[in-house]
Amino acid sequence: MSDRLRLDWILLGISLGALHPVAVAQGQVPDIRQPPSKEGVPYKVLPRPSGADQVVSLVRFPSPVLTESLRNNTVEALVYRPRGAARPMPVAILLHFFGAVNLRFEERMAAELNRRGIAVAVLTLPYHLSRAQSAAQSGLEALRPDPLFLARTVAQATLDCRRLIDYLETQSDIDTDRIATVGTSLGGILSALVYAVDGRVTANASLLSGADLAHIIWTSTVTTQLRGQLQGRGVRLESLRRAMESVEPLTYARSDLGERMLVVRALYDDVVLPENTDKLIEAFNVAHVVALPTGHYGGALLEARLYRLVGDFLTAEFRGLSFSAPDVILGPAIRVGLQYNSATELSLVAGVDLYRFGRRPDLFASAFLSTDGVLLYVGHPIAHGFSVGITFAQGGVTWGIAWTFVL
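Just so we're clear, the structure is a prediction, and the values are computed from it rather than from any experiment.

A.B. asks: Please clarify how the overall build of the chain should be interpreted in this entry.
C.D. replies: Assigned secondary structure in the chain consists of 10 helices and 15 strands. Computed over C-alpha atoms, the radius of gyration of the chain comes to 23 Å, within 12% of the 22 Å expected from 2.2 N^0.38 for 407 residues, which places it in the range of a compact globule. Seen through its principal axes, the chain has C-alpha atoms that stretch 75 × 55 × 40 Å. For the chain, the residues scored as buried account for 55% of the 407 residues in total. Sequence-distant contacts, at least 24 apart, represent 65% of the contacts inside the chain between residues at least 6 apart. Carbon and sulfur atoms make up 57% of the accessible area of the chain, which totals about 17500 Å².

If you want it as structure tokens, here you go:
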């Protein structure tokens, strides 16, 4: 350790020593079941530009888990309070997706929930946004090929969220008997984990997420480089599972929690595979499951309907009303990639699926607009986005191969 870094750690320890930070020594993962200390936590609240319908503030506080990154040790949360809502208000804690460079999705979700009289607190996850070394690196520092580091980072996010709940408990206008966690992708995984370990959380909405963290890392298209680095260090899936067990949602899942959970899944997700979403649904016995006929990113085309769905769910939960979720939110399955056939050779393609056979699917028919005109392609998926099939082009019918993914 450099002298400068050692000095930074000493000064940080002096300034935060009263907070009893959780140690993150090599080989140690904080116990997420143990609540962080509430004693002497210096919450700093700063006003932010607000609108006619909401009052916005920024809350800063020290993470209960100290890391080598000073920026990462300060947590930020934007709190959105609806003007004119009945007090005390229920509150939803929003956790963003991996790699977020802004919080626009969460801001729009907050506006929808505020309209329903629900306060919102948007937590910045470790190594993201203000906690990253730079905006361009948001999230990337969290992908260190070290299983214990990965587990500690998940633990830090969980304990940060628990400390945010501690802050909300000090607010007289917040009804701490009505707290929900809501998250998307990585945030969805963490939202379910916090719901499972913190009894103060009474409901959860998890979008485009799943369980079995090690398997998600091992199969996701987002973590291809990380997976290769782990394998290069001799890490295998089972050893990664063992390292992640103490922060794994499946470890803490209970079937009685599922009655107050909403899961939104993407049927053609290659970031969080459907089988990982199945594991989350089955372990918690989730009562409300909604499917999107898209890949992981297709939900962006259905944002407004997702906001309303989450709003309907939380409104019902917070008011003790019954809730009935739709089985599916209809929308286009947009497929993009590369396609090769003997008539037009290699082309960039973008289009929509016209029909699918099977859940994954086993066969799909797509209409593509390509650099060589309009194509109709019927393909059988093989693996990693590759498929083989038949191409109907202006030059006639021929065989074809494609590498595509569904947004």
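Past the structure itself, the notes keep going.
A.B. asks: Where do I start with the packing of helix α3 (residues 147-169) against helix α7 (residues 237-244) in this structure?
C.D. replies: The description of two packed helices rests on the angle between their axes and on the distance between the axes. Where α3 meets α7, the closest approach of the two axes is 9 Å, and the angle between their N-to-C directions is 35°. When you trace α3 past α7, the crossing you get is right-handed. On α7, the residues that touch Pro147, Leu150, Ala151 and Val154 of α3 are Leu240, Ala243 and Met244. Residues that form the contact of α3 with α7 fall into these classes: 7 nonpolar, no polar and no charged.

A.B. asks: What's the story with the packing of aromatic side chains in this structure? I'm lost.
C.D. replies: Working definition: an aromatic ring pair is given by the centre-to-centre distance plus the angle between the planes. By the definition in use, this model includes 8 aromatic pairs. On the numbers, 5.1 Å between centres and 50° between planes, the contact of Tyr43 with Tyr167 is tilted. Remark: Tyr167 occurs in helix α3 and Tyr43 occurs in the loop between α1 (3-16) and β1 (44-48); sequence separation between them is 124 residues. Judged by its relative accessible area of 24%, Tyr43 is partly exposed. Ring centres of Phe105 and Tyr307 lie 5.4 Å apart, and the angle between their planes is 55°; this geometry places the pair in the tilted category. You can see Phe105 sitting in helix α2 (residues 104-115) and its partner Tyr307 sitting in helix α10 (residues 303-319), a full 202 residues away along the chain. In this structure, Phe105 and Tyr307 share a single accessibility class: buried. The ring of Phe149 carries the charged tip of Arg144 above its face, separated from the ring centre by 3.9 Å.

A.B. asks: I would appreciate a short explanation of the confidence of the model for the chain in the present structure.
C.D. replies: Overall, the predicted model of the chain reaches an average pLDDT of 91, with 93% of residues at or above 70. For the stretch residues 1-20, pLDDT sits under 50, and the model shows 24 contacts to residues farther than four places along the chain or on other chains.

A.B. asks: It is not clear to me how unusual backbone geometry should be interpreted in this structure. Could you clarify?
C.D. replies: In terms of backbone geometry, most residues other than glycine have negative phi values and most peptide bonds are trans. Between Arg87 and Pro88 the backbone carries a cis peptide bond, its omega angle lying at -5°. If you trace the backbone, Pro88 turns up in the loop between β3 (74-82) and β4 (89-95). Residue Leu208 is not a glycine yet carries a positive backbone phi of 55°. Turning to its location among the elements, Leu208 is positioned in the loop between β7 (203-207) and α5 (213-219). In this structure Leu208 comes out as buried when scored by relative accessible area, which is 7%. The phi dihedral of Asn285 is positive, around 55°, even though this residue is not glycine. Relative to the helices and strands, Asn285 is located in the loop between α9 (274-284) and β9 (288-292).

So, how was this worked out
Residues numbered from 1 in each chain as written. Predicted model: local features only at pLDDT ≥ 70, side-chain atom pairs only at ≥ 80, totals over all residues. Heavy atoms only, no water. Helix = DSSP H or I, 4+ residues; strand = E, 2+ residues; numbered from the N terminus. Rg over C-alpha atoms; globule rule 2.2 N^0.38 Å. Buried < 20%, exposed > 50% of the residue type's maximum accessible area, 1.4 Å probe, protein only. Contact = heavy atoms within 4.5 Å. Areas by Shrake-Rupley, 256 points an atom, 1.4 Å probe, with all protein chains shown as cover. Axes fitted to C-alpha atoms, helices over the stretch in contact; angles between N-to-C directions. Left-handed = near helix turned anticlockwise from the far one by under 90°. Nonpolar A, V, L, I, M, F, W, Y, C, P; charged D, E, K, R; others polar. Phe/Tyr/Trp six-rings, centres within 6.5 Å; stacked < 30°, edge-to-face > 60°. Lys NZ or Arg CZ within 6 Å of the ring centre and 35° of its normal. pLDDT = per-residue confidence, 0-100.

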